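Close look at the chain arrangement
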Amino acid sequence: MSDIYSEIILDHYKHPHNRGKIKHATHKAQEDNPLCGDNIKIYIKLSDKKIIEDISFEGEGCAISQASASMLTEFLKGKPLEQAKAITPEQIYDLLKIEISPARAKCALLSLKTIKSALA
Amino acid sequence: MPILDPKKIKELFPIFSKEENKNLVYLDNASTTQRPKVVIDALKNFYETYNSNIHRGIYDLSEKATKMYEDTREYTAKFINAKSSEEIIFTKNTTESINLLAYTLSDDMLQKGDRIITTSLEHHANFVPWQTMAKKKGFILSVVPVKDDYTLDMDKFEELIKEQNVKLVCISAMSNVTGTIPDIKTIIKRAHEVGALVMVDGAQSIAHEHTDVQEMDCDFFVFSSHKMFGPFGVGIVYGKKELLDKLPPFLYGGDMIKSVKETCTLFNDTPWKFEAGTPSVADVVAFKKAMEFIEELGIENIKNCEMNLAKKAVEMLETHKQVKIIKPKNLDESGPVISFVIEDIHPHDIAEVFNKENIAIRAGHHCNQPLMSHLGIPATARLSFSIYNTEEDIERVELALKKLFEIFAK
């Protein structure tokens, strides 16, 4: 059995949360992982108080990149901007709760990279 | 015709007898093949017995090394049936070989407004250099598309070749994604009829198809040692002597000169004028053993053996209705490379699960993004066969596929 395809990862991959395009996004960005052809678009709606009121993603890619986008957007909803900006790769790995090999790190971190460029 | 026994052949490749690789199924041969012991021994032997720089030393050791290096040039010429060894240039890989041609042809033979034809089957190595030169120098780059059956659209080629000022056609003899083998003979014939030169990228075909550059009548042919059981670090350019003579050098420096004065330099003759600096001598020397290895097995035997496996792999994949095979239906029009996609499972996830089963396959765009976008997919998973692969490997692939379906059915 492949460790990285945990129930939670596969569940987020097949039934992603926050998938689609939100209305009135204040920030958006797209990033690609050219090696594997993954891509993620992120839409963020930031409130006046710099809180992430709403966040969503579109895109295609492997189970890891898509599940990571689903879980990360879920995690960030309602959080302050500063917290989103400070997220580290380690926090993503903790969120995913699986061992990420160096080859898959780019997949796992694609949504984080996209969120950071949206907020940059 | 003797039938090759892949199990016996596998024993000739030390990597498969290492404890950590005991169960390895290696199906990424289109990326790089494994090396037989004869090639590894030749590298060791060179460094232990003949190590010295070439074309310089007056002493015996250097003369021996020079002879071994030049013997490989001679052997390479025979291997692809070039007219003479002076038509063989050593580079570091196919990409450098194509860049050598892209730069020198663009400098001297092509002019603003000239057309270059390439195809959407090309590896980025045979696409990006031409696209870049076209932008830099004002050439017009046309791309022959693939049809829905993954063969080249020859009607479109015919249309493009009839355009004004077509001066160069750059085409792969075998696709690294679909395995497609274009009708090179017709393409070369038509190109020559309109006065265009033809550069054939043989990186994928060289280990699977008999290559005769004189019969093919291509003007240039490029390939790499590492995709044909030889060392990394050796690329080859074949060019018709009269054309190479007309081209300027590519890189400048030592070894590519006859004489240097403060005000001017007289360059060396073909092919040495294209080989500036110290080449990867040991790798070139050992490359000869790789060609000998292929000739001992017989390229036709190799081809039969690999295509037999490719056919069985296609038949196996076809029994799984979720799998879509990205390869010409008629296997005679393609080599032992099989790309496939599975609905709702990304190729990366396929390769990951295969890896857990000790099966090495490639997943990605295979350095051919234009083809991927043409096919409307981000990536494929790819199996590519060589002579040490066995029917058991295909059974292992099927088991891995079943595991994959199990995981993603949850």
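Just so it is clear, the structure is predicted and the values come from calculations on it, not from any experiment.

**Here we look at the overall build of chain B**
Counting secondary structure elements, chain B contains 14 helices and 15 strands. Against the compact-globule benchmark of 22 Å for 410 residues, chain B has a radius of gyration of 22 Å, which places it among compact chains. Across the 410 residues that make up chain B, the buried fraction comes to 50%. Pairs at least 24 residues apart make up 71% of the contacts formed inside chain B by residues separated by at least 6 positions.

**So, the domain arrangement of chain B**
All names here are of chain B. Along its sequence, chain B is organised into domain 1 (6-30 + 299-409) and domain 2 (40-295). Just the C-alpha atoms count here: the centres of domain 1 and domain 2 sit 28 Å apart. Listed by partner, the interface residues are 26 residues for domain 1 and 26 residues for domain 2. Secondary structure elements with two or more residues in the side of domain 1 that touches domain 2: helix 11 (299-318), strand 12 (337-342), helix 13 (369-375) and strand 15 (380-384).

**Things to note about the interface of chain B and chain A**
At the junction of the two partners, chain B supplies 15 residues and chain A supplies 13 residues. Elements supplying a minimum of two residues to the side of chain B that touches chain A: helix 12 (347-356), strand 14 (362-364) and helix 14 (391-409) of chain B. Each residue belonging to the side of chain B that touches chain A can be placed in one class, and the counts come to 7 nonpolar, 4 polar and 4 charged.

**Description of the environment of Gln34 of chain B**
Locating Gln34 of chain B in the fold gives a position in the loop between strand 1 (25-26) and helix 2 (37-50). Distance from Gln34 of chain B to His226 of chain B, taken between C-alpha atoms, is 8.2 Å for residues 192 residues apart in sequence.

**Concerning the sheet that holds strand 3 (residues 52-60) of chain A**
Residue and element names in this part refer to chain A. Read across the open sheet, the 3 strands follow the order 1-2-3; overall the sheet is antiparallel. Whereas interior strands pair on both sides, the edge strands pair on one side only; in this sheet they are strand 1 (27-33) and strand 3. The mean inter-strand angle of the sheet, taken between neighbouring strand axes irrespective of direction, is 15°. Looking at chain direction, strand 1 and strand 2 (residues 38-46) are connected through 7 bridges and run antiparallel.

**Notes on helix 5 (residues 102-119) of chain A**
Residues and elements named next belong to chain A. The end-to-end C-alpha distance of helix 5 is 26 Å, a good match for the 26 Å that 18 residues give at a rise of 1.5 Å each. At Leu109, helix 5 shows its largest bend, some 45°. Among the residues of helix 5, Arg104, Cys107, Ala108, Leu109, Leu110, Ser111, Leu112, Thr114, Ile115 and Ala118 are the ones counted as buried.

**Some points on the sheet that holds strand 3 (residues 115-119) of chain B**
As a general point, the strands of a sheet are linked pairwise by backbone hydrogen bonds and lie either parallel or antiparallel. Residues and elements named next belong to chain B. The strand order across the open sheet built from 7 strands is 2-8-7-6-5-3-4, with neighbouring strands paired in mixed fashion. Because the sheet does not close on itself, it has two edges, and the strands there are strand 2 (88-91) and strand 4 (140-144). On average, each strand axis in the sheet is tilted by 20° relative to the strand beside it, whichever way the strands run. In this sheet, strand 7 (residues 220-224) lies alongside strand 6 (residues 197-201) in parallel orientation, the contact comprising 3 bridges. In the sheet register, Asp201 faces strand 7, and the bridge partner there is Val222. The strands touched by helix 6 (residues 154-161) within the sheet are strand 3, strand 4 and strand 5 (166-172), with strand 4 carrying the most contacts at an inclination of about 160°.

**Some points on the packing of helix 1 (residues 7-14) of chain A against helix 2 (residues 63-76) of chain A**
All names here are of chain A. At their nearest, the axes of helix 1 and helix 2 sit 8 Å apart, and the two run at 85° to each other. With respect to helix 2, the axis of helix 1 lies roughly perpendicular. Within the contact between the two elements, helix 1 uses Ile9, Leu10, His12 and Tyr13 and helix 2 uses Ala63, Ile64, Gln66, Ala67, Ser70 and Met71. Split into classes, the residues belonging to the contact of helix 1 with helix 2 amount to 7 nonpolar, 3 polar and no charged.

**A closer look at unusual backbone geometry**
Residues and elements named next belong to chain B. Cis geometry marks the peptide bond from Thr270 to Pro271; its omega dihedral reads 0°. Phi at Phe229 is positive, roughly 75°, even though this residue is not glycine. Take Phe229: it is sitting in the loop between strand 7 and strand 8 (235-239). Assessed through the 27 C-beta atoms surrounding it within 10 Å, Phe229 is described here as buried.

**Description of the environment of Glu20 of chain B**
All names here are of chain B. Position of Glu20 among the secondary structure elements: in the loop between helix 1 (6-10) and strand 1. With 7 C-beta atoms packed within 10 Å, Glu20 lands in the exposed category. Taking the C-alpha atoms as reference points, Glu20 and Leu243, separated by 223 residues in sequence, lie 49 Å from one another.

**Considerations on the pairing of strand 4 of chain B**
As defined by bridge partners, strand 3 of chain B adjoins strand 4 of chain B across 5 bridges and the pair is classed as parallel. Across the sheet, the residue bridging to Arg115 of chain B is Ile140 of chain B, located in strand 4 of chain B.

**Focus: the pairing of strand 7 of chain B**
All names here are of chain B. Burial analysis of strand 7 places 5 of its 5 residues in the buried class, the great majority of the element. Where strand 7 lies against strand 8, 5 bridges are found, and the strand directions are antiparallel. Bridging across to strand 8, Phe220 finds its partner in Gly239.

**Notes on the packing of helix 2 of chain A against helix 5 of chain A**
Residues and elements named next belong to chain A. Contact geometry for helix 2 and helix 5: axes closest at 8 Å, N-to-C directions at 35°. Remark: the crossing between helix 2 and helix 5 carries right-handed chirality. Facing Ile64, Ser65, Ser68, Ala69 and Leu72 of helix 2, the residues of helix 5 in contact are Arg104, Cys107, Ala108, Leu110, Ser111, Leu112 and Ile115. Each residue belonging to the contact of helix 2 with helix 5 can be placed in one class, and the counts come to 8 nonpolar, 3 polar and 1 charged.

Each value, and the rule that gives it
Residues numbered from 1 in each chain as written. Chains lettered and ligands numbered in written order. Predicted model: local features only at pLDDT ≥ 70, side-chain atom pairs only at ≥ 80, totals over all residues. Helix = DSSP H or I, 4+ residues; strand = E, 2+ residues; numbered from the N terminus. Rg over C-alpha atoms; globule rule 2.2 N^0.38 Å. Buried ≥ 20, exposed ≤ 12 C-beta atoms within 10 Å, placed from the backbone. Contact = placed C-beta atoms within 7 Å. Domains from an automatic or database assignment. Nonpolar A, V, L, I, M, F, W, Y, C, P; charged D, E, K, R; others polar. Pairing = 2+ DSSP bridges. Axes fitted to C-alpha atoms, helices over the stretch in contact; angles between N-to-C directions. Expected span 1.5 Å × (residues − 1). Bend = angle between axes of the 7 residues up to and from the residue. Parallel < 35°, antiparallel > 145°, perpendicular 65-115°, else oblique. Left-handed = near helix turned anticlockwise from the far one by under 90°.

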